[in-house]
Amino acid sequence: MTHPTPARLLITNAHLLHPETAEVTDASWLEAADGRITAHGTGRPPAATEDVRVLDARGATVLPGLIDAHVHALLTSIDATEQRSWSAGYATVRALKEAERMLRRGFTTVRDVGGADHGMARALTEGLMPGPRLIHGGKALSQTGGHGDLRPLSEDGAPCCGHRPGFARIADGVDAVRAAPRDEFRKGAHHLKLLVSGGVASPHDEVSAVQYSDAEMAAAVEEATNHNRYVTVHAYHPRGINRALRAGVRCVEHGNLLDDETIQLLLQGDAFLVPTLVTYEQLATAGRRAGMSETSLRKVDDVREAGLGALEKAHRAGVNLVYGTDLLGPMHPHQLDEFTLRAQVQPPADLIRSATSTAARLLGMEGAIGTLAVGAHADLLVTDANPLDDISTLVTPRHLPNRVIKAGSPVT
Ligand code: ZN
Ligand code: ZN
């Protein structure tokens, strides 16, 4: 298939916000060609030739497009039982529609940590549908009875599900925990996700339960390292988190109940933490409406109360913090609300870095996304007001809707 030729783009009359330094330049311009940023400066913009699309920003702020490092594009329903009845094709179409909405919210890159596959990423790369860059990790690995084992108690027999449109596959024992990542990397997974503690939505585990043995975690880390990839773990409780960090994982998702040792291990390993506060806010209401069990709702309350304190502790200690949301199905419209929640303990410059430059570093895409540097993808967000003055402008624009530009082409 042929790719549409991206137009040259010249944005004039803008403030350029560089997340790395939180510097904002006045009366600036930015030029893009073939999907990349080719130049920017202040003062007089270069003369526009006929093939250049000129966008007068009228004093708006231009920053890199946002990165959400914890999504499940495929989980477009909160009801796992209902979802199990879907064909892979139907689930994928729904997922790509949600991906398009993510882009329109300002997320030009998303990291999928369970569910999305190489076909979805390819469809978006080829421009079959509008959507963000989709960095996928294939299916997360769960032990039997772990966070990714959603089989009802009535279901016996060998665990399955590698082929189903779910977010996880079951792998038990060191050999299986080597074979499954090899299979996911074969299919183009960008990272490996391991579920090492209980979860709130999984019916049969406790949040404080440790899943996977030290030997299994070490095997997963070795496989990822051998493939020049990294491991990220789903974990709430320090029992699981700290063991995983000692085994060499590079990233921790959620981390709501972390302790002082977690902070030390994160700093020592230059590891990343991706809190997902908004999902607990949403699960507390949407989960109840969707008929979530009382056990799950109690677990939601436990981690929800601790989440903000954990974030504050990590922020004060200087941990690498990355933006993530972990929303399911009808909760997705709240994807930007994570900014509002985190703003209680973090200043805007840090919040913006978490969704741009720091996220890019986690993804191994430093300099390519999350920056206005020359040579980076021209993934941009044009906001009416300066989000460094007030982060809420990203969530609810004052006057004009925020504009999204992906690879040099305006989307909204
Ligand atoms: Zn999780
Ligand atoms: Zn998740």
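Note that this is a predicted model, so its numbers are computed, not measured.

**With respect to the side chain of His 234**
Part 1 of the reasoning: Looking at the element boundaries, His 234 is found in strand S12 (residues 231-235).
Part 2 of the reasoning: Separated by 3.3 Å, the side chain of His 234 and the backbone oxygen of Ser 197 make a polar contact.

**Observations concerning the domain arrangement of the chain**
Part 1 of the reasoning: The domain boundaries assigned to the chain delineate domain 1 (8-64 + 370-410) and domain 2 (66-362).
Part 2 of the reasoning: Measuring from the centre of the C-alpha atoms in domain 1 to the corresponding centre in domain 2 gives 31 Å.
Part 3 of the reasoning: Counting from both sides, the interface comprises 20 residues of domain 1 and, opposite them, 23 residues of domain 2.
Part 4 of the reasoning: Linking domain 1 with domain 2 are one salt bridge.
Part 5 of the reasoning: Residue Asp 379 is joined to Arg 133 by a salt bridge in which the shortest nitrogen-to-oxygen separation is 2.7 Å.

**Observations regarding the pairing of strand S5 (residues 61-64)**
Consecutive side chains along a regular strand alternate between the two faces of the sheet.
Part 1 of the reasoning: Here strand S1 (residues 8-18) pairs with S5 via two bridges, running parallel. In the strand pairing of S5, His 15 is matched with Thr 61.
Part 2 of the reasoning: With four bridges joining them, S5 and strand S16 (residues 380-383) adopt antiparallel strand pairing. Looking across to S16, one finds that Leu 63 is bridged to Leu 381.

**Some details on the coordination of the zinc ion (ligand 2)**
Part 1 of the reasoning: Around the zinc ion (ligand 2), the donor atoms from the protein are His 70 (NE2), His 72 (NE2) and Asp 326 (OD), and they sit 2.0 to 2.3 Å away.
Part 2 of the reasoning: Counting gaps between the donor residues of the zinc ion (ligand 2) yields the pattern H-x1-H-x253-D.
Part 3 of the reasoning: Between the zinc ion (ligand 2) and the zinc ion (ligand 1) the interatomic distance comes to 3.6 Å. Remark: Asp 326 occurs in the loop between strand S15 (320-321) and helix H10 (337-342) and His 70 occurs in strand S6 (residues 66-71); sequence separation between them is 256 residues. Pair check on accessibility: His 70 and Asp 326 agree, each one buried.

Criteria and cut-off values
- Residue numbers here run from 1 along each chain, matching the order of that chain's written sequence.
- Chain letters and ligand numbers both follow the written order, the letters beginning at A and the numbers at 1.
- Since the coordinates come from a predicted model, pLDDT governs what is reported: local features require at least 70, and pairs of side-chain atoms require 80 or more to be given and counted, while whole-chain, interface and lining totals use all residues.
- Excluding hydrogens and water, the side-chain figures rest on all heavy atoms present in the structure.
- Labels follow the DSSP assignment, with helices taken as runs of H or I lasting at least four residues and strands as runs of E lasting at least two, numbered in each case from the N terminus.
- Residues adjacent in sequence count toward polar contacts only when both atoms are side-chain atoms; beyond that, a polar contact is any pair of N or O atoms within 3.5 Å, and within protein one must be able to donate a hydrogen and the other to accept it.
- Where each domain begins and ends is defined by an automated method or by a domain database.
- We call two residues in contact whenever any of their non-hydrogen atoms come within 4.5 Å of each other.
- Definition used for salt bridges: Asp or Glu carboxyl oxygen within 4 Å of a side-chain nitrogen of Lys or Arg.
- Strand pairing requires that DSSP identify at least two bridges connecting the strands.
- Each metal site is built from N, O and S donor atoms within 2.8 Å (3.2 Å for Na, K and Ca), and since water is not included, such sites may look incomplete.
- The classification of residues rests on relative accessible area computed with a 1.4 Å probe and restricted to protein chains. Under 20% of the type maximum is buried, over 50% is exposed, and intermediate values are partly exposed.

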